[in-house]
Amino acid sequence: MSPSNAQWAQAGSSVWMGGAKRPDLCFVAGSGSRLRDADGREYLDFVGGWAVCALGHSPAAVARALGGQASTLLHCSPGYWNPPAIALAQKLSSLSGFGRVFLGCTGAEANECAIKLARKRGAATGAWKIVATLDGFHGRTLATMSATGKPAWQGLFGPKVPGFVHVPPNDIGALEAAMDKDVCAVLFEPVQGEGGVVPFSVEYAAKARELCDKHGALLVFDEVQTGMGRCGSWFAFQDLGVRPDVLTLGKGLGAGYPLSACLTDAKFDLFEPGDQGGTFTYHPLGAAVGLAVIQEMERLDLVARSKSAGLALRAKLEALAPEFGLRDIRGSGLLQAFDLPDPTGQELVAAALREGLLLNSPRPSSIRLMPPLVVTDGDIEEFGQKLKHALIAMAA
Ligand SMILES: Cc1ncc(COP(=O)(O)O)c(C=O)c1O
């Protein structure tokens, strides 16, 4: 007999490094918006692998790309050219309008690339500070943790990488006050994801653009979470009406395979040989997956679907709001959130789990929804029912 959830949990906790709380839940298979655990129970997944599984679970297009590329050219080192990585860079360039593309594996790696690019450019004038935002999230390497504005991380793993200044999101006055000749970049997510789905205003983005131009700093948008159709456009900057100088992508780009990118204009590509790289950068396998993901997104028109499904999801939440006191329903496309009247987010996550629905609570009172972009109308209907049952159970 195959091991149960509890047996896997016991086995895992004796060998995985610490650092994350997990329920006794081990997933063994998935398809579309559904996951199946080791006890044979099915779940409707509105966590989507943390906004990753754009094409749903185990998509055939990704399986085909992996099989085809693995049996053709698995790896050759980024010291040589390879066709899929060139083709993916060309495709991302034509979708985004940025002429230069770095391909890595994780969002943090893409952000490290952006930080290094900004520091390299700043070095010419002695500028080295990067203005980021409170509650912004950029990854878990030392530099990206230093860029991250989570108050709970302030004292961790010191000393931090110096040079990061944090300002409150959407506070134009604070941004203006933070800008000076030492600033080489302004960095934020168009919608703070881990921070609880906090969108930046069009006015703030326009002011950030203006201030970066005035001070000769790079405007860097971390779209690791918001990019690749998640918010109803290929890139969230397109809805803000402001073009950054540097754009980072991850998560949905590989739709479950580790793949990330940092994009910029040719004039800002100041890297010289040796400045930026890594064994698995420009990886043919990841690039083949990225291309297949984009082709499948185009074939299924998933950017438009993200927008329309997002509206249907919002309507469901708005219908439940009066009865359960749900507040501040926000976000766009398939990155949505709402607040509960009390800091009971984790309780609702647990109640939803019992109903067979996966939810995420990034802040004590907030619930974040990031289902696959292939989520169906039937899935959204079922989500509404399961959420309602979970809310009733929690109230009881
Ligand atoms: C906006 C943003 N940037 C960067 C990251 C880090 O990406 P990764 O975990 O792939 O390194 C995340 C991950 O949640 C993210 O949401």
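Up top is the structure.
Rules of the game
- Residues numbered from 1 in each chain as written.
- Predicted model: local features only at pLDDT ≥ 70, side-chain atom pairs only at ≥ 80, totals over all residues.
- Heavy atoms only, no water.
- Helix = DSSP H or I, 4+ residues; strand = E, 2+ residues; numbered from the N terminus.
- Rg over C-alpha atoms; globule rule 2.2 N^0.38 Å.
- Buried < 20%, exposed > 50% of the residue type's maximum accessible area, 1.4 Å probe, protein only.
- Areas by Shrake-Rupley, 256 points an atom, 1.4 Å probe, with all protein chains shown as cover.
- Lys, Arg positive; Asp, Glu negative; His and termini not counted.
- Charge placed at Lys NZ, Arg CZ, Asp CG, Glu CD.
- Phe/Tyr/Trp six-rings, centres within 6.5 Å; stacked < 30°, edge-to-face > 60°.
- Lys NZ or Arg CZ within 6 Å of the ring centre and 35° of its normal.
- Salt bridge = Lys/Arg side-chain N within 4 Å of Asp/Glu carboxyl O.
- Axes fitted to C-alpha atoms, helices over the stretch in contact; angles between N-to-C directions.
- Parallel < 35°, antiparallel > 145°, perpendicular 65-115°, else oblique.
- Left-handed = near helix turned anticlockwise from the far one by under 90°.
- Contact = heavy atoms within 4.5 Å.
- Nonpolar A, V, L, I, M, F, W, Y, C, P; charged D, E, K, R; others polar.
- Core = buried A, V, L, I, M, F, W, Y, C linked by side-chain atoms within 4.5 Å.
- Pairing = 2+ DSSP bridges.

A.B. asks: Please clarify how the overall build of the chain should be interpreted in this entry.
C.D. replies: For the chain, the helix and strand inventory stands at 13 helices and 17 strands. A compact globule built from 396 residues would reach a C-alpha radius of gyration of about 21 Å, and the chain, at 21 Å, matches this within 12%. Across the 396 residues in the chain, those meeting the buried criterion constitute 52%. As presented, the chain carries roughly 17,200 Å² of accessible surface, and 57% of it is formed by carbon and sulfur atoms. The averaged location of the 39 negative side-chain charges in the chain is 2 Å from the averaged location of its 36 positive side-chain charges.

A.B. asks: Can you walk me through the packing of aromatic side chains in this structure?
C.D. replies: The way to describe two aromatic rings as a pair is by their centre distance and the angle between their planes. In the structure shown here, the tally under the stated rule is 10 aromatic pairs. Note on Phe-98 and Phe-237: the rings are 6.1 Å apart at their centroids and 70° apart in plane angle, and the pair reads as edge-to-face. Note that Phe-98 is positioned in the loop between α4 (83-96) and β4 (100-104) and Phe-237 in helix α9 (residues 237-240), a separation of 139 residues in sequence. Taken individually, Phe-98 and Phe-237 each receive the classification buried, so the pair is uniform in this respect. Taking 5.2 Å as the distance between ring centres and 45° as the angle between the ring planes, the aromatic pair formed by Phe-200 and Tyr-204 counts as tilted. We classify Phe-200 as buried; its relative accessible area is 5%. Taken together, the ring pairs in this structure connect Phe-188, Phe-200, Tyr-204 and Phe-221 into an aromatic cluster. In this arrangement the basic side chain of Arg-119 is found over the ring face of Phe-164, its NZ or CZ atom lying 5.6 Å from the centre. We note Arg-243 situated over the ring of Phe-98; from NZ or CZ to the ring centre the distance is 4.2 Å.

A.B. asks: Would you mind going over the pattern of salt bridges with me for this structure?
C.D. replies: Opposite charge on two side chains permits them to pair, given that their charged atoms come into close proximity. Enumeration according to the criterion identifies 23 salt bridges in this entry. Where Arg-368 meets Glu-194, a salt bridge forms, and the shortest distance between an N and an O atom there is 2.8 Å. Here the residue Arg-368 occupies a position in strand β17 (residues 366-369), and Glu-194 occupies one in the loop between β8 (191-192) and β9 (198-199), the gap between them amounting to 174 residues. Assessed through its relative accessible area of 1%, Arg-368 is described here as buried. Between Asp-265 and Arg-243 there is a salt bridge; the shortest N-O distance is 2.8 Å. Remark: Arg-243 occurs in the loop between α9 and β11 (246-249) and Asp-265 occurs in the loop between β12 (260-264) and α10 (284-299); sequence separation between them is 22 residues.

A.B. asks: Can you walk me through unusual backbone geometry in this structure?
C.D. replies: As a rule of thumb, non-glycine residues mostly have phi less than zero, and peptide bonds are mostly trans rather than cis. A cis amide bond links Gly-158 with the next residue in sequence, Pro-159, at an omega value of -10°. On the secondary structure map, Pro-159 appears in the loop between α6 (142-147) and β6 (164-167). A positive phi is found at Asp-135, a non-glycine position, where the angle reads about 70°. Of note, the phi angle at Met-228 is positive, near 55°, even though the residue is not glycine. With respect to the helices and strands, the residue Met-228 is situated in the loop between β10 (218-222) and α9.

A.B. asks: Would you explain the packing of helix α11 (residues 302-324) against helix α13 (residues 377-395) in this entry?
C.D. replies: How two helices pack is summed up by the angle between their axes together with the distance between the axes. Viewed as axis vectors pointing N to C, α11 and α13 meet at an angle of 25°, and their least axial separation amounts to 10 Å. For the element pair α11 / α13, the angle class is roughly parallel. Crossing geometry of α11 relative to α13 is assigned as right-handed. Mapping the contact onto sequence places Arg-305, Ala-309, Ala-312, Leu-313, Lys-316, Leu-317, Leu-320, Glu-323 and Phe-324 in α11 and Asp-377, Ile-380, Glu-381, Phe-383, Gly-384, Leu-387, Lys-388, Leu-391 and Ile-392 in α13. When grouped by side-chain class, the residues that make up the contact of α11 with α13 number 11 nonpolar, 1 polar and 6 charged.

A.B. asks: What am I meant to see in the environment of Cys-262 here?
C.D. replies: Following the sequence through the fold, Cys-262 ends up in strand β12. C-alpha separation for the pair Cys-262 and Val-246, spaced 16 residues apart in sequence, amounts to 7.0 Å. Among residues more than four places away in sequence, those in contact with Cys-262 are Arg-100, Val-101, Phe-102, Ala-110, Cys-113, Ala-114, Val-246, Leu-247 and Thr-248.

A.B. asks: How should the nonpolar core be read in this particular structure?
C.D. replies: The tendency in soluble globular proteins is for nonpolar side chains to be buried as a group. Counting 78 residues, the largest nonpolar core has Leu-92, Phe-338, Leu-359, Phe-383 and Leu-387 as the members making the most contacts within it. Excluding residues that lie within four positions of it along the chain, Phe-383 makes contacts with Leu-44, Phe-46, Leu-313, Leu-317, Leu-357, Leu-359 and Leu-369.

A.B. asks: How should the side chain of Ser-366 be read in this particular structure?
C.D. replies: Within the secondary structure, Ser-366 sits in strand β17. Classification of Ser-366 by relative accessible area gives buried; the value is 5%. In this structure, Ser-366 is in contact with Arg-330, Phe-338, Asp-339, Asn-360 and Ser-361, ignoring residues within four places of it in sequence.

A.B. asks: Can you help me understand the sheet that holds strand β13 (residues 327-332) in this one?
C.D. replies: Sheet strands pair by backbone hydrogen bonding; their relative direction is either parallel or antiparallel. Judged by pairing direction, the sheet is antiparallel, and its 4 strands sit side by side in the order β13-β14-β17-β16 without closing on themselves. Where the open sheet ends on each side, the last strands, each with one partner, are β13 and β16 (360-363). Across the sheet, the mean angle from the axis of one strand to that of its neighbour is 25°, orientation sign disregarded. Examined bridge by bridge, β13 and strand β14 (residues 335-339) share 4 bridges and lie antiparallel to one another. Along β14, the bridge assignment pairs Arg-327 with Asp-339. Docked against the sheet, α11 engages β13, β14 and β17, running at close to 180° with respect to β13. Lying over the sheet, helix α12 (residues 345-355) contacts β14, β16 and β17, oriented at roughly 175° with respect to β16.

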